[in-house]
Amino acid sequence: MEWIQQFFNGISLGSIYALIALGYTMVYGIIKLINFAHGDVFMIGAFTGFFAISVLNLSFLPALLLAMIVCAILGVTIERIAYKRLRNSTRIAALITAIGVSLLIEYIFIYFRGAQPEAYPEVLAKETYNIFGAKISSQSVLILCVTVILMILLQFIVHRSKIGKAMRAVAYDQDAAKLMGINVDNTISITFAIGSALAGAAGVIFGIYYTKIDPLMGIIPGLKAFIAAVLGGIGIIPGAMVGGFLLGIVETVVSASGFSLWRDAAAFIILILILIFRPSGIFGKNAKEKV
Amino acid sequence: MKMINRFWKFMLLAIIIYTIIQLLITTEVFNLFYTNTLITIAINIILAVSLHLVIGITGQFSIGHAGFLAVGAYISAIVTMKLALPFPLALFAAGVIAAVAGLIVGIPTLRLRGDYLAIATLGFAEIIRIIFLNIDYVGGAAGMVVSRTTNWTISYICLLITLIVIINFTNSRHGRACVAIRENEIAADAMGINTTYYKVVAFVIGSFFAGIAGGLYAHNFYIIQPASFGFLKSFDILIFVVLGGLGSLSGAVLSAILLTIVSTFLQDYAETRMIIYSLILILVMLYRPQGLMGTREITDFFTSRKKNALKGGENL
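Residues numbered from 1 in each chain as written. Chains lettered and ligands numbered in written order. Predicted model: local features only at pLDDT ≥ 70, side-chain atom pairs only at ≥ 80, totals over all residues. Heavy atoms only, no water.

In the annotation of an unreviewed UniProt entry, chain B is listed under the name Branched-chain amino acid ABC transporter permease and assigned to Perspicuibacillus lycopersici. Per its UniProt entry, chain B bears the Subcellular location (unreviewed entry) comment "Cell membrane". (UniProt positions renumbered as here; feature names shortened; annotations may be inferred.)

Per an unreviewed UniProt entry, chain A is named Branched-chain amino acid ABC transporter permease, and its organism is Perspicuibacillus lycopersici. For the record of chain A, the UniProt heading Subcellular location (unreviewed entry) holds the text "Cell membrane". Note on chain A: under the UniProt heading Sequence similarities (unreviewed entry), the record states "Belongs to the binding-protein-dependent transport system permease family. LivHM subfamily."

See the structure below:
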C-alpha cells in the first residue's frame with residue numbers, strides 16, 4: 001500500500017511540474033527559447049496567491065484566477081521588454097538574456113520584500129480518503145482535478161480555437177504564418193500569457209501543497225519542469241504533461257527508497273540520459289539538421 | 001622570431017606588474033583587504049579565461065563551470081588537509097582531476113548543441129555539487145575547513161601559466177580549429193576538422209584551469225561548502241565572459257577585474273549586486289550582444305590598422 005501512496009504523492013508533485021513544463025514547452029515551440037524566467041513567474045504566482053488568500057481573504061478559486069492573471073501580465077511584459085528584440089539574434093544571446101531576466105526578477109523581489117520564507121495559509125479543508133489502504137488527502141485530489149481541467153482547457157484552446165490555430169501555425173513556420181495574415185507578435189505574446197498563467201496556477205497549487213514559499217523557490221522546480229519538458233519532447237504539449245507526471249513519480253520513488261538527498265540528482269541524470277540517447281524526447285520525432 | 005619577441009615582451013610586462021604589486025604589498029601600502037581583492041581578481045581571471053576558451057573560442061555554451069571549480073576546490077582541500085601534501089601539488093592534482101571530470105562530462109554532452117548543451121552542463125554541475133553534498137568524507141552540507149595557504153605570488157604564477165597556455169593554444173593550429181568550430185560547425189566538419197575532438201580538448205583545458213582556480217579558491221576562504229558552487233557561481237563566471245565579449249581574451253580579463261572590484265564594494269549588498277549583474281547581462285545582450293570588446297583583443301588597439309589588415313584573421 002506504501003507504493004500506491006507514493007504513486008499518488010508522485011502524481012501531485014508531477015502535476016505541478018507538468019503545469020510549469022507546459023509553459024516551457026509552448027514558449028520553446030514557438031520561439032525556440034528556453035525561458036529561464038518561467039520558474040520565477042511560478043514564484044510570483046505563488047506569492048500572488050498568498051497575498052490574495054491572506055490579505056484579500058479570497059478563497060481558493062478566486063486566488064488561483066488572480067495569480068493566473070497577474071502571471072499572464074508578467075509573462076507578456078517580460079516577452080515585450082526583453083525577448084521581443086532578440087527574436088533575430090543568436091540563440092545564445094536569447095538564453096543569456098533569459099538567465100538575466102530570471103535573476104533580475106528574483107533579486108528585485110528579494111530587494112523589496114526580503115528573502116524570508118512565508119507559510120501558506122490553509123484555504124482548503126483537509127480530509128483524508130482511504131483508497132486501497134493509501135491515505136489520499138483531499139488537497140491532492142483537488143490539485144489533480146485543477147491540473148486536469150487546466151490541461152483539457154489548454155488542449156481545447158490549442159486545437160479548437162482560432163488563436164490556437166495561429167499558435168500552431170507560428171510554431172510551424174513563422175514567416176509563412178506572417179504571409180497568411182497572422183499577427184505573429186500578438187500570437188507569441190498570447191503564448192507567453194497562457195504559459196505564464198499555467199505557471200501561476202502551479203505556484204498557488206505548490207503553495208497549498210507544500211505550505212512553504214520563498215523568493216528563490218522557482219529555481220529548482222523551474223529546472224525540473226524544463227527537464228520534464230525535454231523528457232516528453234520539447235515543443236510538444238502532451239509530452240510536457242506526460243514528462244511532468246513521469247518525473248514527479250520518479251522523484252517520489254527515489255525519495256521513498258531512502259535516497260532523498262539524491263532526488264535532485266536523479267532529475268538531472270534523467271535529463272542527461274534523455275539528451276544523450278533520445279534528444280527529441282519520448283514523443284519527439286528526429287529532425288535532421290539542414291545546412 | 002616575432003613570436004619569441006612577443007613572448008618576452010609579455011613576460012617582461014608580467015614581471016613588472018608583479019614587482020610593483022609585490023612591492024606595494026611588502027611596503028604595506030596595500031593592506032590585507034587589498035591583497036585579498038587582488039587574489040580574488042587573479043582567481044576570477046583564471047576562471048574567466050578558462051571559460052572564455054570554451055564559450056568564446058570554441059563557441060560551446062557551457063553554464064556549468066562552477067562544477068569544475070568545485071571539483072578543484074574539494075580535491076585540493078583533500079590533498080592538503082587529509083593527505084597533508086604540499087599546496088602546489090594540491091593545485092596540480094586539482095587541475096588534473098578537474099580535467100578528468102571535464103573529459104567525463106565533455107564526451108557525452110559536447111555532442112549536443114546550443115540550448116541543450118547549456119542545460120546538460122548545468123545539470124552536470126548540479127550533479128557534481130550533489131555528489132559532494134552527499135560524501136561525508138568531505139563534510140557534506142557543513143563543508144570542509146581549509147587552512148589559508150593561497151597568497152599573491154602563487155595565484156599570480158597560476159594566472160600567468162593560464163594566460164600563456166590559453167593564448168598559445170588559441171594561436172596554435174588547434175586554436176584555429178576551435179575558432180572554425182565556433183564560426184560554423186558544419187563547415188568546419190566539412191573542412192576535415194575533427195569537431196568532437198577539438199571541442200572536448202577545449203573543454204578539458206578549460207576544466208583543468210577551472211580546477212586550479214578551485215584549488216586557489218578553496219585555500220583562500222578557510223571553508224568550502226557545496227552551497228557556494230551552485231548555479232549562481234556559474235553565472236558569476238559566465239558574466240565575465242559575456243560582458244568582456246564572446247571571443248575576446250583581454251575582454252574577459254578586463255571584465256573579470258572590473259566586476260570583481262565592483263562586487264567587492266557591494267559585498268554587504270548582495271541583492272543590489274545581483275540586480276546590477278543581471279541588468280548588465282540583459283542590457284549587454286539587448287544593446288551590444290558582442291560584449292564590450294567583441295572578438296577584438298586589447299593589443300589590436302596598439303597595432304596600426306594596416307598591420308591588422310595584413311594579419312587578417314590571425315589575431316582572433
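Draft legend 1. Representation of the nonpolar core. In terms of nonpolar packing, the biggest core is built from 207 residues, with L22, F36 and Y83 of chain A together with I63 and I224 of chain B touching the most fellow members. Dropping the residues within four chain positions of it, I63 of chain B is found in contact with F36 and I99 of chain A together with A118, T121, L122, F231, S234 and L238 of chain B. (Core = buried A, V, L, I, M, F, W, Y, C linked by side-chain atoms within 4.5 Å. Buried < 20%, exposed > 50% of the residue type's maximum accessible area, 1.4 Å probe, protein only. Contact = heavy atoms within 4.5 Å.)

Draft legend 2. A look at the UniProt feature "transmembrane region" (unreviewed entry) in chain A. UniProt marks residues 6–29, 41–58, 92–112, 132–158, 188–210, 225–249 and 261–278 of chain A with the feature "transmembrane region" (unreviewed entry), using the numbering shown here. For residues 261–278 of chain A, the end-to-end C-alpha separation is 27 Å, with 83% helix and 0% strand making up the annotated structure. (Helix = DSSP H or I, 4+ residues; strand = E, 2+ residues; numbered from the N terminus.)

Draft legend 3. Region of the structure containing the environment of A70 of chain B. Residues and elements named next belong to chain B. With respect to the helices, strands and loops of the structure, A70 is situated in helix α3 (residues 65–82). Exposure remark for A70: the relative accessible area of 3% places this residue in the buried category. Spatially, the C-alpha atoms of A70 and P226 are 7.5 Å apart, while their sequence positions differ by 156 residues. In this view, A70 contacts F132 and F229; residues no more than four positions away in its chain are not counted.

Draft legend 4. Spotlight on the packing of aromatic side chains. Residue and element names in this part refer to chain B. All chains considered together, the criterion is met by 21 aromatic pairs over all chains. With a centroid separation of 5.0 Å and an interplanar angle of 40°, the aromatic rings of W152 and Y156 are classed as tilted. Here the residue W152 and the residue Y156 both occupy positions in helix α6 (residues 152–171), the gap between them amounting to four residues, near one helical turn. The exposure classification of W152 matches that of Y156, with both residues buried. Joined through ring pairs, the aromatic side chains of Y74, F132, Y217, F221 and F229 make up one cluster. Here K82 stacks its cationic end above the ring of Y137, 4.6 Å away from the centre of that ring. Over the ring of Y277 we find R273, and its NZ or CZ is 4.8 Å from the ring centre. (Phe/Tyr/Trp six-rings, centres within 6.5 Å; stacked < 30°, edge-to-face > 60°. Lys NZ or Arg CZ within 6 Å of the ring centre and 35° of its normal.)

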